[in-house]
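Listed here are the chains, written in short residue letters.
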Amino acid sequence: MINEQIRDREVRLIDDQGNQLGIMSARDAQRLARERNLDLVKISPKAKPPVCKIIDYGKFRYEQAKREKEAKKKQNIISVKEVRLSPNIEQHDINTKMKHAKKFLNNGDKVKVSVRFRGRELAHTAIGREILLKFAESLVDIADIEKYPKMEGRSMVMFMAKKR
């Protein structure tokens, strides 16, 4: 909220140099801001009384956007890539899926390895667990198991992440 949008009776005022001017009515604070050709901006609305500052609103918004952009740069986004297997998969297909998983892990992503069971395959979930553990064993040099194989509906899921 800025200038006339501030409807509180009393506000704690901070001037453009950062000095506290104390608690005063919102009208007096607006008058002081107008005398200095600046804006009255509500900084902390939840405080009792609310904290307002006399600053140039355009400059304030610019600096706020700059801070947010800087914080966004420092974030690292980890996405989860999925590799799907089936209970009756051949070794060559497993090797191909392993290459994909290695590529994902080297890019810094996490890998979700899943085995989908269809029909009567659901009676042999031990085969799926065995496939997942063999898959993890072959990637042991570059990855760790983050979540061990677990049934989720009709599929068994395991998560892997790059070694630290």
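Up top is the structure.
Presented here is a report on the structure given in the accompanying data block. (Residues numbered from 1 in each chain as written. Predicted model: local features only at pLDDT ≥ 70, side-chain atom pairs only at ≥ 80, totals over all residues. Heavy atoms only, no water.)

### A few points about the overall build of the protein
Scanning the protein from terminus to terminus reveals four helices and eight strands. Tracing the protein from N to C terminus, the helices and strands come up as β-β-α-β-β-α-β-α-β-α-β-β. The C-alpha atoms of the protein give a radius of gyration of 29 Å, which is well past the 15 Å a tight globule of 164 residues would have. Relative to its 164 residues, the protein shows a buried fraction of 32%. Put simply, the protein shows about 11,700 Å² of open surface, and 47% of that area lies on carbon and sulfur atoms. In the protein, which carries 38 positive and 23 negative side-chain charges, the distance between the mean positions of the two groups comes to 3 Å. (Helix = DSSP H or I, 4+ residues; strand = E, 2+ residues; numbered from the N terminus. Rg over C-alpha atoms; globule rule 2.2 N^0.38 Å. Buried < 20%, exposed > 50% of the residue type's maximum accessible area, 1.4 Å probe, protein only. Areas by Shrake-Rupley, 256 points an atom, 1.4 Å probe, with all protein chains shown as cover. Lys, Arg positive; Asp, Glu negative; His and termini not counted. Charge placed at Lys NZ, Arg CZ, Asp CG, Glu CD.)

### Comments concerning the packing of aromatic side chains
Taken as a whole, this structure holds one aromatic pair when the rule is applied. Here Y57 and F60 contribute two aromatic rings whose centre-to-centre distance is 6.3 Å and whose plane-to-plane angle is 35°, an arrangement assigned as tilted. Within this pair, Y57 and its partner F60 are both found in helix α2 (residues 57-74), separated by three residues, close to a single helical turn. (Phe/Tyr/Trp six-rings, centres within 6.5 Å; stacked < 30°, edge-to-face > 60°.)

### As for the pairing of strand β1 (residues 10-14)
Inspection of the sheet shows β1 paired to strand β2 (residues 20-25) by five bridges, in the antiparallel sense. Residue pairing across strands places E10 opposite S25, the latter belonging to β2. Remark: five residues form the turn of the hairpin made by β1 and β2, two consecutive strands paired antiparallel; G18 in that turn has positive phi of roughly 95°. Across three bridges, the pairing between β1 and strand β4 (residues 51-55) is parallel. Residue pairing in the sheet places I14 in a bridge with K53 of β4. (Pairing = 2+ DSSP bridges.)

### A word on the sheet that holds strand β7 (residues 143-152)
Here four strands make up an open sheet; going across it, the order is β5-β6-β8-β7 and the pairing mixed. Every other strand in the sheet has two partners, leaving β5 (80-85) and β7 as the edge strands with one partner each. Strand-to-strand twist in this sheet, taken as the mean axis angle between neighbours without regard to direction, amounts to 20°. Bridge count between β7 and strand β8 (residues 155-162): seven bridges; the pairing is antiparallel. Paired with I145 across the two strands is M160, which belongs to β8. Those strands touched by helix α3 (residues 91-106) are β5, β6 (110-116), β7 and β8, and its axis lies near 170° from that of β5. Together, β5, β6, β7 and β8 form the strand contacts of helix α4 (residues 125-138), whose direction differs from that of β8 by roughly 10°. (Axes fitted to C-alpha atoms, helices over the stretch in contact; angles between N-to-C directions. Contact = heavy atoms within 4.5 Å.)

### A closer look at the sheet that holds β4
Spatial strand order, β2-β1-β4-β3: four strands in an open sheet with mixed pairing. In this open sheet, the two edge strands, each paired with only one partner strand, are β2 and β3 (39-44). Between one strand and the next, the sheet's axes are offset by a mean angle of 35°, whatever the strand orientation. On top of the sheet, helix α1 (residues 26-35) reaches β1, β2, β3 and β4; it is set at about 130° to β2, its chief contact. Packed on one face of the sheet, α2 meets β3 and β4 and runs near 35° to β3.

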